[in-house]
Amino acid sequence: MAILDLICKSSVSFPKDCSNTKMDNKLLYVGGAYNYLSCLYFPISPHLYNKDLISAKLILFKHPISQHKAICSKCCCSECFSYYKEHDCLNKNDCNNDNSNDYFLCPLLEYFSVYSDSYSTPKADLSKKISFVDDANLCYTEIDITKIMESWLYEDIDNKGVMLFANNCSNLISYGSEKDDVSGMHPAVRLAYKEKHCHKELSSIPCTVEVK
């Protein structure tokens, strides 16, 4: 078995309503009061198309949410927001909703760019949606995207990247992007694969050879 890390080539975050909000391009956001989503693209090397894929894991490294982002980290569902406003407690950590830790990933069907927040949200294949949760005790998030990688390698869909998003009551998560100053914070897809045998192995047959 061999291991290979695919490094993210490009990524961007913006609010789900595409409100043309400028973001720090060194960070990727998911969820929160403005319902951020993030798009990432990982190029696939041509030599991987003739390998037997075992697994593919997307690895994202977290940045601590800074104090000035505190209000953005709260959920934005109407019931919870009304409660916070009425009781003047926007500094609550959670909204007592079972959905506050639900996040999703799915493959993109359209390309994205750094100006995606000025246009409609790129279309994604929700039939291949993968759910994951945020473990607050870990400094990273690991998501199994083996089925999506197989779809790319077997050319069921084009590789246009993936989208991370959350429901309307999820807390904000901040990840390092490929532009982070610390290379160890860059997103990566870790592939485990083995060589595919394209040809039949040679067989041997006992025989007697006479030399005259």
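Here, the structure is the one placed above.
Bear in mind the structure is a predicted one, so any value in this text is a computation, not a measurement. (Residues numbered from 1 in each chain as written. Predicted model: local features only at pLDDT ≥ 70, side-chain atom pairs only at ≥ 80, totals over all residues. Heavy atoms only, no water.)

Novice: Before we move on, could you go through the overall build of the protein and cite the residues and values that matter?
Specialist: The helix and strand inventory of the protein stands at two helices and 11 strands. Each helix and strand of the protein, ordered N terminal to C terminal, gives the series β-β-β-β-β-α-β-β-β-α-β-β-β. In the protein, 79% of the contacts between residues at least 6 apart in sequence involve partners at least 24 apart. Split by element, the accessible area of the protein, about 12800 Å² in all, is 51% carbon and sulfur. (Helix = DSSP H or I, 4+ residues; strand = E, 2+ residues; numbered from the N terminus. Contact = heavy atoms within 4.5 Å. Areas by Shrake-Rupley, 256 points an atom, 1.4 Å probe, with all protein chains shown as cover.)

Novice: Explain the nonpolar core residue by residue, including any values.
Specialist: Judged by nonpolar contacts, the single largest core of 31 residues is most densely connected at L105, I143, I145, M149 and V189. When contributions to this core are tallied by element, the ones reaching two or more residues are β3 (27-30), β5 (51-61), β6 (102-107), β7 (130-133), α2 (146-153), β9 (162-166), β10 (173-176) and β11 (188-195). (Core = buried A, V, L, I, M, F, W, Y, C linked by side-chain atoms within 4.5 Å. Buried < 20%, exposed > 50% of the residue type's maximum accessible area, 1.4 Å probe, protein only.)

Novice: So what about the sheet that holds β11? Which residues, and what values?
Specialist: What the four strands build is an open sheet, ordered β1-β11-β5-β8; its pairing is antiparallel. The sheet terminates laterally at β1 (2-7) and β8 (140-144), the two strands that pair on one side only. In this sheet, neighbouring strand axes are inclined to one another by 25° on average, regardless of whether the strands run parallel or antiparallel. Inspection of the sheet shows β5 paired to β8 by five bridges, in the antiparallel sense. Looking at the pairing, I59 lines up with E142 of β8. (Pairing = 2+ DSSP bridges. Axes fitted to C-alpha atoms, helices over the stretch in contact; angles between N-to-C directions.)

Novice: Requested: an account of a nonpolar patch on the surface, with residues and values cited.
Specialist: Side chains of M1, I3 and I54 sit close together on the surface and give an oily, nonpolar patch of about 340 Å² of accessible area. Locating I3 in the fold gives a position in strand β1. (Patch = residues over 30% accessible without salt bridge, like charges linked within 9 Å, V, L, I, M, F, W, Y side chains within 5 Å. Salt bridge = Lys/Arg side-chain N within 4 Å of Asp/Glu carboxyl O.)

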